[in-house]
Amino acid sequence: MSKQAHRWIYPALLLALVTLFFLGLVHGAVRIPLRDVLQILFGSYEGREAWRHIVLESRLPQTVTALLAGSSLAVSGLMLQTLFKNPLAGPSILGISDGANLGVAIAMIYFGAASYLTTIVAAFIGAAVVLLIILGFSRKVSSNVMLLIIGIMVGYLASSVISILNYHASADKVHQYVMWGMGDFSGVSLGKLPWLAGFSLAGLAASLLLIKPLNALLLGESYATNLGVNVRRARVLILICTGVLTAVVTAFCGPVSFIGLAVPHIARLLLGSANHRHLLPVTLLAGSCIALLCSILTVLPGSGNLLPLSAITPIVGAPVIIYVIVNRRNIHYFN
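Residues numbered from 1 in each chain as written. Predicted model: local features only at pLDDT ≥ 70, side-chain atom pairs only at ≥ 80, totals over all residues. Heavy atoms only, no water.

We now examine unusual backbone geometry. For Lys85, which is not glycine, the phi dihedral falls at a positive 50 degrees. As for its position among the elements, Lys85 is in the loop between helix 3 (49–84) and helix 4 (96–110). The exposure class assigned to Lys85 is partly exposed, which follows from its relative accessible area of 38%. The phi torsion at Phe258 lies on the positive side, around 75 degrees, for a residue other than glycine. Positionally, Phe258 belongs in the loop between helix 11 (231–253) and helix 12 (259–271). Given the relative accessible area of 27%, Phe258 is considered partly exposed. (Helix = DSSP H or I, 4+ residues; strand = E, 2+ residues; numbered from the N terminus. Buried < 20%, exposed > 50% of the residue type's maximum accessible area, 1.4 Å probe, protein only.)

Further remarks concern the packing of aromatic side chains. Here the structure, examined in full by the defined rule, presents three aromatic pairs. Measuring from ring centre to ring centre gives 5.7 Å for Phe21 and Phe22, while their planes differ by 85 degrees; the resulting arrangement is edge-to-face. Seen in terms of ring centroids, Phe124 and Phe199 are 5.4 Å apart; in terms of plane orientation they differ by 45 degrees. Their pairing is tilted. Note that Phe124 is positioned in helix 5 (residues 116–140) and Phe199 in helix 8 (residues 193–209), a separation of 75 residues in sequence. With a relative accessible area of 26%, Phe124 lands in the partly exposed category. Classification of Phe199 as partly exposed rests on a relative accessible area of 34%. (Phe/Tyr/Trp six-rings, centres within 6.5 Å; stacked < 30°, edge-to-face > 60°.)

The next thing to look at is a nonpolar patch on the surface. A grouping of Leu117, Val121, Ile125, Val129, Ile133 and Phe137 is seen on the molecular surface, where their side chains present a nonpolar patch of about 520 Å² in accessible area. Along the polypeptide, Phe137 turns up in helix 5. Residue class for Phe137 comes out partly exposed when judged on its relative accessible area of 36%. (Patch = residues over 30% accessible without salt bridge, like charges linked within 9 Å, V, L, I, M, F, W, Y side chains within 5 Å. Areas by Shrake-Rupley, 256 points an atom, 1.4 Å probe, with all protein chains shown as cover. Salt bridge = Lys/Arg side-chain N within 4 Å of Asp/Glu carboxyl O.)

Before going further, it helps to examine the nonpolar core. In terms of nonpolar packing, the biggest core is built from 102 residues, with Met79, Leu94, Tyr177, Phe185, Phe252 and Val256 touching the most fellow members. Take this core: its biggest share by element is 15 residues, from helix 3. (Core = buried A, V, L, I, M, F, W, Y, C linked by side-chain atoms within 4.5 Å.)

Look at helix 3: 51 Å from first C-alpha to last across 36 residues, which is about the 52 Å you get at 1.5 Å a residue. Helix geometry: helix 3 is bent most strongly at Arg59, by close to 35 degrees, with proline Pro61 lying one to four residues after it. Positive backbone phi, approximately 50 degrees, marks Lys85, located one or two places after helix 3. (Expected span 1.5 Å × (residues − 1). Bend = angle between axes of the 7 residues up to and from the residue.)

The following block contains the structure:
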């Protein structure tokens, strides 16, 4: 891609990000003017206390959560697609999301735990266990394709256990688990937001440090080794980074589909390049924008109701994947 194109793509994404961020603070069941929202954010608002509560305790955490979750999932998807050289790889491909789902299912259905903190801890433990299993196999399996298949099988095993738990659970517990499984950016409170932000930003910072080995892996493992890249160590670091990012988003927001799978392709279409020096930052920004857009679309103005996030993300992501499959030869994947 030309340097002139690079000059407009970053400002365009940043403008879209800022616009969607403030639209997320203004848009909702209760109409609050942008001027009042800005005054609330800067602490100079002296109007309705209810509006202050809505902006600071509800809309701001939801908007920041969407921003962090979108960037985390998008970057995870990009790194996994590069590692496995598979354009249809995503954050759920290694079973990490299924591990988080299993942890929540055990907590909700088997132990009857319903608190928000318990759900987060259970999801994180489930994801961490699966990640450790995958890392263990990565030391014994040299082929990325075989490791990918193992991850898929681990995911199937976790899904099978969840189905068995649901079969023996009461209707109210199954309903509670199903509602969690629809995904939600609005469940993170202002007090819990620093935990999500801390893990997400740490994972994103680590991903930026992996740009060089990711670019080397585009050329093949043998060529990467000749360039001085420790392929086995790079693979472990990529798995840990994607595992942490996927686990923290799933723990706090529930399963969020298609963002990690579709956004890297959107970034490639915008750039026309597979160079991670530009592709990773563009994927990060595009992931935040798409997640913010999905968060806005879940809100039904005037009703106070939220559509399930899992009903919105496929509307945005599925057409992208279909386009990618149809036009696969014209997209720069791994070159």
